[in-house]
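Report on the structure
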Amino acid sequence: MRFLLILIIGLLASFYLSALIKQITRIKIHSVIGFIFIITAFLTGFFGQFLTYPLNVLVAYLLAGIGIGILIHHLLSESYIISERLEKNFISRHDNAFERFLEILPGALTWIALTSPIWLSFTLPFALAYLIILADTYWLVNAFKISALTFIGYKRMEKAKKEDWLKRLQSDFPDFEKYYHLIILPTYKEGLEILSPSVDAIAHSNYPRDKIFLAVGFEQRDDPEKIKTTQAYLKKSQGKIGGIFTTIHPFGLEGEVPGPGSNRNWMVKNALKELLKKGIKPENVLATTLDADFVLHPQFLAGALHKYLSTPADKRDKRTYTGAFLYYNNYWQTAAPMRLIATGTALWQLSEMVGSDKYINYASLSINLKALLDVGLWIPNKVNDDSGFYWKAYYHFNGDYKVIPHFLPITADAVLDVTLPKTFQNQYLQLKRWAYGVEHMPFIIRSYFRNKQTDFWDKTDKLIFITWSYLKWGTLALFISFGGLLIPFINPDFSGSVVSRNLSVISSWILTAAFVGLFSTIYVHEKTAPRRPSSWSPLTRLWSYIQWALIPIILVTIATLPAIDAQTSLMLGRYLEFHTTIKTRKLQGEV
């Protein structure tokens, strides 16, 4: 353990020292120096008789760490190891193989981490025990952090809801009326029982109605009768706002994966033509994307525009804006596991909006239409369009891109299908699709090395963040739940040690303390969730309060397994197609 610690210290020290020297003196520490340190480490470890054991091994590990740190810094900052020309030529000649390597990498890291309790139990059981305690501590700190940030986010959301944002626009930005809203709403398989509340909410927004335009995009592969019925409904709603544009996205266009991203691209191109016919310039339009089940708060459009105009003029078109997500449209109609996943997703997103400068686009965004066109719209051949847009915009603006929350809520549907097994299946597939955002890792890594204009520390920070995010999604809950149980089972010699006896005790105390953080989540849930149906029996009502006991089971099953599945599918080249989550709502009286 001490040898590994020395290696890590040497690695981090040399990495940051190399960066500091380059920043201050503009002198690059070449990777050749790193190789010299590694060779010296090898010689010291095997032939360093002038040093007694274990000093020779400690020095060898330190020198190896220094060499590796220099190598990593040179690779990340200069985009090559020895020869830039030779290495770039090699990659260009083997581009497809390199792409597959980058697709395999996240899944490979996940499976290395998942199997680490097995092979580390044989080789480094004590190091594994300390890693488990470290992971438990990380879980504890993260639980309290999310708990506190969720509460802060809830307060900001409640404050935003009480504000009259149209009045604020009128007082703070008298020329706001030159701005229009374009709502981009793709639909596939959703019926009017899902779409009509979304359209009605847009029409009842607290913003001049003639300044609101709605683009609804159907898919050619959808049911023709459903399209016809929805078009008839939209025609009747035309007079409620400035205008409604409808499109039918052709199926099977070259270079596209069927899904909302490619559909939005088709919709925006058509909407742009319609707006230009009306003399509306794209720079005066704030475009907002919605899913078919999203219902806007009445203040949402005015609040989003106020946040946009409050951003400095040289920054606002390099930003997207987002509201808070609450999956409450059919909340009490679905089963407890789906309610907990919906609540966990919503409140985790809320905490990230408050506490992270790396919040990634999720589900809905608002952006200046001209800026959207400049970015190049959404990546058409990927399943996960939201996170893909974030990384495309981030590198388009050379790192000067962020998602800014305004905290006005969007309510959406929790997963619910016609039967409980189908509901579980749809929930699993939805989470798998979200986790399949890992498909963008090749683009992220390639852009990291290609884009020299983006700040080195900022892009490195984000690369580490996204890599760790996908890694912990598929591994952390399983690692802390079962890792400690495997060590004495695989390595009986470890079971008699003091560390073994204390590991389970320390872990259980840490994880028990972590669940205290749930109280804040439960409080915010009770403050924001719809009222429980009056028709419920006392037993059903009681179950809705104690449903939180399912959290440990959910964490190690349906919250984790889809991420492993998604990363493994990409690793094995089994590429996903977009799976539309079936949206169902029970009629009044069926709850």
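Quick summary incoming for the structure in this document. (Residues numbered from 1 in each chain as written. Predicted model: local features only at pLDDT ≥ 70, side-chain atom pairs only at ≥ 80, totals over all residues. Heavy atoms only, no water.)

A count of helical and extended segments in the protein gives 23 helices and 8 strands. A compact globule built from 591 residues would reach a C-alpha radius of gyration of about 25 Å, and the protein, at 27 Å, matches this within 12%. For the protein, the C-alpha atoms occupy an extent of roughly 90 × 65 × 50 Å along the three principal directions. Per-residue burial over the protein gives 53% buried out of 591 residues. (Helix = DSSP H or I, 4+ residues; strand = E, 2+ residues; numbered from the N terminus. Rg over C-alpha atoms; globule rule 2.2 N^0.38 Å. Buried < 20%, exposed > 50% of the residue type's maximum accessible area, 1.4 Å probe, protein only.)

In most cases, non-glycine residues show a negative phi, while peptide bonds are predominantly trans. You will see that Arg26, though not glycine, has its phi angle at about 65°, which is positive. Following the sequence through the fold, Arg26 ends up in the loop between α1 (2-25) and α2 (31-47). Look at Lys189: it is not a glycine, yet its phi comes out positive at around 80°. In this fold, Lys189 is placed in the loop between β1 (180-186) and α8 (192-203).

Once that is clear, we can look at empty space enclosed by the protein. Using the criterion set out here, one finds 2 cavities of 30 Å³ or more in the structure. Considered as a void within the structure, the largest cavity measures approximately 50 Å³ in volume. Lining the largest cavity we find Tyr327, Ile341, Ala342, Thr345, Asp413, Ala414, Val415, Gln427, Gln430 and Trp434. If you list the elements that add at least two residues to the lining of the largest cavity, you get α12 (336-355) and α15 (420-435). (1 Å grid on protein atoms, 1.4 Å probe; cavity = no way out; pocket = protein on both sides within 12 Å on 5 of 7 lines; lining within 4 Å. Points joined across faces, edges and corners; volume = space filled by probe spheres on them.)

Take a nonpolar patch on the surface next. The grouping of Val32, Phe35, Ile36, Ile39, Phe42, Leu43, Phe46, Phe47, Ile81 and Ile82 at the surface amounts to a nonpolar patch, some 960 Å² of accessible area in total. Tracing the sequence through the fold places Ile36 in helix α2. (Patch = residues over 30% accessible without salt bridge, like charges linked within 9 Å, V, L, I, M, F, W, Y side chains within 5 Å. Areas by Shrake-Rupley, 256 points an atom, 1.4 Å probe, with all protein chains shown as cover. Salt bridge = Lys/Arg side-chain N within 4 Å of Asp/Glu carboxyl O.)

Turning next to the packing of aromatic side chains. On inspection of all chains with the given rule, the structure shows 30 aromatic pairs. When the ring of Phe126 is compared with that of Phe494, the centres are 5.2 Å apart and the planes differ by 65°; the resulting orientation is edge-to-face. Remark: Phe494 occurs in helix α18 (residues 492-495) and Phe126 occurs in helix α6 (residues 125-162); sequence separation between them is 368 residues. Looking at Phe494, the relative accessible area reads 2%, which means it is buried. Here a set of aromatic residues connected by ring pairs shows up, and it is made of Tyr390, Trp391, Tyr394, Tyr395, Phe397 and Tyr401. Its end group placed over the ring of Tyr308, Arg316 keeps NZ or CZ at 5.5 Å from the ring centre. Sitting over the face of the ring of Tyr545, Arg532 holds its NZ or CZ atom 3.8 Å from the ring centroid. (Phe/Tyr/Trp six-rings, centres within 6.5 Å; stacked < 30°, edge-to-face > 60°. Lys NZ or Arg CZ within 6 Å of the ring centre and 35° of its normal.)

Relative to the helices and strands, Thr460 resides in helix α17 (residues 456-490). A distance of 2.7 Å separates a polar atom in the side chain of Thr460 from a polar atom in the side chain of Tyr448. Looking at Thr460, its side chain comes within polar contact range of the main-chain oxygen of Phe456, at 2.6 Å. Aside from chain neighbours lying at most four places away, what touches Thr460 is Leu76 and Tyr448. (Polar contact = N/O pair within 3.5 Å; in protein donor to acceptor, adjacent residues only side chain to side chain. Contact = heavy atoms within 4.5 Å.)

Once that is clear, we can look at the environment of Thr44. Note that Thr44 resides in helix α2. Its relative accessible area of 9% is what places Thr44 among the buried residues. The spatial distance from the C-alpha of Thr44 to the C-alpha of Glu274 is 73 Å, given a sequence separation of 230 residues. One polar contact links the side chain of Thr44 to the main-chain carbonyl oxygen of Thr40, over a distance of 2.7 Å.

Let us look at helix α16 (residues 441-450). In an α-helix there are 3.6 residues to a turn, and that puts residues three or four apart on one side. Taking burial as the measure, the 10 residues of α16 include 7 buried ones, the bulk of the element. Here α16 has its buried residues at Met441, Pro442, Ile444, Ile445, Arg446, Ser447 and Tyr448. Buried residues belonging to α16 abut α3 (55-78), α5 (95-123), α14 (385-396) and α17.

Among the nonpolar cores identified, the biggest contains 125 residues, and Leu182 and Tyr207 are the most heavily contacted of them. Not counting residues up to four positions away in its chain, the partners in contact with Tyr207 are Leu166, Leu169, Phe176, Tyr179, His181, Ile212, Leu301, Ala302 and Leu305. Formed by 13 residues, the second largest nonpolar core is a distinct cluster that contains Leu120, Ile132, Phe494 and Val499. (Core = buried A, V, L, I, M, F, W, Y, C linked by side-chain atoms within 4.5 Å.)

Within this structure, the stated rule accounts for 23 salt bridges. Between Asp172 and Arg168 there is a salt bridge whose closest N-O contact spans 3.1 Å. Of this pair, Asp172 and Arg168 are both found in helix α7 (residues 165-172), 4 residues apart, which corresponds to roughly one turn of the helix. By relative accessible area, Asp172 is classed as partly exposed at 36%.

Across the 7 residues that make up β1, a large majority, 7, are buried. Here β1 shows no split at all, with Tyr180, Leu182, Ile184 and Pro186 on one side and His181, Ile183 and Leu185 on the other all buried. As paired elements, β1 and strand β4 (residues 285-289) share 5 bridges and run parallel to each other. Its bridge partner being in β4, His181 is matched across the sheet by Leu286. Where β1 meets strand β2 (residues 212-219), 6 bridges bridge the pair, whose relative direction is parallel. Across the sheet, the residue bridging to Pro186 is Gly217, located in β2. (Pairing = 2+ DSSP bridges.)

This brings us to the side chain of Thr247. By secondary structure assignment, the location of Thr247 is in strand β3 (residues 243-249). What makes Thr247 buried here is its relative accessible area of 9%. If sequence neighbours within four positions are ignored, Thr247 has contacts with Val216, Gly217, Phe218, Trp266, Met267 and Asn270.

Attention now goes to the environment of Asp200. Tracing the chain through its elements places Asp200 in helix α8. Judged by its relative accessible area of 28%, Asp200 is partly exposed. Along the chain, Asp200 and Ile553 lie 353 residues apart, while their C-alpha atoms are 39 Å from each other. Setting aside chain neighbours within four positions, we find Asp200 in contact with Tyr233 and Lys240. There is a polar contact of 3.1 Å between the side chain of Asp200 and the side chain of Tyr233.

A rise of 1.5 Å per residue sets the reference length of α12, with its 20 residues, at 28 Å; its end C-alpha atoms lie 28 Å apart and thus fit the reference within 8%. Within α12, 17 of the 20 residues are buried, which leaves it mostly tucked inside the rest of the structure. (Expected span 1.5 Å × (residues − 1).)

This part takes up the packing of α5 against α16. Running from N to C, α5 and α16 cross one another at 115°; their axes reach a closest spacing of 8 Å. As the angle between them shows, α5 and α16 are arranged roughly perpendicular. Regarding α5 and α16, the two cross each other, and that crossing is right-handed. Where α5 abuts α16, its residues Asp95, Phe98, Glu99, Leu102, Glu103, Leu105 and Pro106 lie against Met441, Pro442, Ile445 and Arg446. (Axes fitted to C-alpha atoms, helices over the stretch in contact; angles between N-to-C directions. Parallel < 35°, antiparallel > 145°, perpendicular 65-115°, else oblique. Left-handed = near helix turned anticlockwise from the far one by under 90°.)

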